[in-house]
Amino acid sequence: MNQTEQKKFFSHHLLEWYMQNKRDLPWRRHRNPYYIWVSEIMLQQTRVDTVIPYFNRFIERFPTVEDLADAPEQDVLKCWEGLGYYSRARNLQAAAKQVKELHGGQVPDDKAAVFALKGVGPYTAGAVLSIAFNKPEPAVDGNVMRVLSRYFLIEDDIMKASTRSFMEGLVVELIPEGRASDFNQALMELGALVCTPKSPHCLTCPVMEHCAARLEGVEESLPVKTKAKPPRPEHRVVALVEGSGEHAGKVLIRQRPQEGLLARMWELPHVQVPQSRSGRIPDEPAMDIAIGSLLEEGIAARPEGYMMDAEHTFSHIHWNLQVYRCREEFMPVAAETRAAYEAVAAVPESTATEYRWIAEEDMALYAFPNVFLKILREYFKSLPATP
DNA sequence: AAGTCGGGGCA
DNA sequence: TGCCCAGACTT
């Protein structure tokens, strides 16, 4: 069998398999370009089962591009809470504003316009154009590269940009006339259900008999991929400050900076501590550091004791968190101290860190990264029930 | 080209 | 517990 026949076989049998085996997914129930766009952004780095409930809530809350464009950013982040990579949510809303202003609220169907949307790169542009508009554009994600690297025995490193370009050219050749939407979805569906990263289910694969990697017995060692660097460890001390007086029953939270890691989300106050050789630092100095960092923000508190450890792994950082319960103290000079500090530091209102006291029910109003959600839930669960 | 940016599933 | 998954943006 020559290469042309191998390609024809692949396209034909993969498409037939997909039409019989495709999953019933919320964004496949209508051909609504907005639904498809939202789903593709959510599906970046994220598995289908995780995305489904988020997608349903998101569409219920923001049914149209205009609803998303006009919403407060915090509402959008709250809807994304726990899904990760929050720049996706911020970019998606910025792009919704672009679509509203430039395209009358209709997701554009031409390549340049789709590609110009914030958060839309080569993969997502191809996915929207092909899945929503049936345009013969490649949509090459990790699933597609895994499937193609095995079937055609491509041993180039899939982390290289040149490899993705090559795969895009290959996909364009493979798309059957007029079937871009189903074919691109078929490629990804095969990667997700059959041609899995570890122990692929070759015996149920519709194209196994001409899969080059399978014929060579090397399917498990493809695709070739450089390993990511391990995340660097960081130790942090977290203060869970319980309010006193008018803040009784509430805890102190703050908003993260406008840019960078977890931008504009909310968190418990915490401070990084130097790496100690033994790993965690003893409770006494840890609590001193926590209290000291709060005082610098004009918040007086006394330590009450150790609460819990928590861990959180980002792609490039691993947080080791030591959480301590603290109690707000009344310190009449605190306000003056803070005023004096802010005068000296000349902190502009817009860049000063925002602190708030919140009760359990207020958690619904603020978007937290999972690790702080976990700590807060643990804390409120531990409280004696209030009648 | 290399670093930044989350979170979950699995053995 | 450790390993795997990997798309867009920034520098």
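Residues numbered from 1 in each chain as written. Chains lettered and ligands numbered in written order. Predicted model: local features only at pLDDT ≥ 70, side-chain atom pairs only at ≥ 80, totals over all residues. Heavy atoms only, no water.

1. Regarding the side chain of His-270
Reasoning step 1: Here His-270 shows up in strand β4 (residues 270–273).
Reasoning step 2: Within the structure, the side chain of His-270 is placed 3.3 Å from the side chain of Arg-236, a separation counted as a polar contact.
Reasoning step 3: Beyond its immediate stretch of four places on either side in the chain, His-270 contacts Arg-236, Val-237, Val-238, Arg-254, Arg-256, Trp-319 and Phe-372. (Helix = DSSP H or I, 4+ residues; strand = E, 2+ residues; numbered from the N terminus. Polar contact = N/O pair within 3.5 Å; in protein donor to acceptor, adjacent residues only side chain to side chain. Contact = heavy atoms within 4.5 Å.)

2. Thoughts on the pattern of salt bridges
Reasoning step 1: Applying the stated rule across the entire model yields 24 salt bridges.
Reasoning step 2: Among the salt bridges present, the one from Lys-100 reaches Glu-66, with a minimum N-O distance of 3.9 Å. Residue Lys-100 is found in helix α6 (residues 87–103), and its partner Glu-66 is found in helix α4 (residues 65–70); the two are separated by 34 residues along the sequence.
Reasoning step 3: Classification of Glu-66 as partly exposed rests on a relative accessible area of 43%.
Reasoning step 4: Salt bridges sharing common partners tie together Arg-23, Arg-28 and Glu-189. (Salt bridge = Lys/Arg side-chain N within 4 Å of Asp/Glu carboxyl O. Buried < 20%, exposed > 50% of the residue type's maximum accessible area, 1.4 Å probe, protein only.)

3. Observations regarding the protein's contact with DNA strand C
Reasoning step 1: Close contacts around DNA strand C come from 18 residues, with Gln-45, Gly-119, Thr-124, Gly-142 and Lys-225 the closest.
Reasoning step 2: A distance of 3.4 Å is found between a phosphate oxygen of DNA strand C and a backbone nitrogen or oxygen belonging to Tyr-123.
Reasoning step 3: Contact between DNA strand C and Gly-142: a phosphate oxygen at 2.7 Å from a main-chain N or O atom of the residue.
Reasoning step 4: Of all the secondary-structure elements, those providing two or more residues to the surface near DNA strand C are α8 (122–133) and α9 (142–151). (Near = heavy atom within 4 Å.)

4. Observations concerning the domain arrangement of chain A
Size of an interface: often given as the accessible area lost when the parts come together.
Reasoning step 1: Entries for chain A in the domain assignment read domain 1 (3–221) and domain 2 (232–382).
Reasoning step 2: Relative placement of domain 1 and domain 2: their C-alpha centres are 39 Å apart.
Reasoning step 3: In this assembly, nine residues from domain 1 lie in contact with 16 residues from domain 2.
Reasoning step 4: Summed over both sides, the interface of domain 1 with domain 2 buries roughly 950 Å², with 45% coming from carbon and sulfur.
Reasoning step 5: Of all residues in domain 1, the largest losses of buried area upon contact with domain 2 belong to Gln-74, Lys-78 and Glu-81, amounting jointly to 47% of the total for that side.
Reasoning step 6: Linking domain 1 with domain 2 are one salt bridge, by the criterion used here.
Reasoning step 7: Residues Glu-73 and Arg-264 are paired through a salt bridge, measuring 2.7 Å at the closest nitrogen-oxygen approach.
Reasoning step 8: The element contributing the most residues to the side of domain 1 that touches domain 2 is helix α5 (residues 73–80), with four residues.
Reasoning step 9: For the side of domain 1 that touches domain 2, the residue count by class is three nonpolar, two polar and four charged. (Domains from an automatic or database assignment. Buried area = accessible area lost by both parts, 1.4 Å probe. Nonpolar A, V, L, I, M, F, W, Y, C, P; charged D, E, K, R; others polar.)

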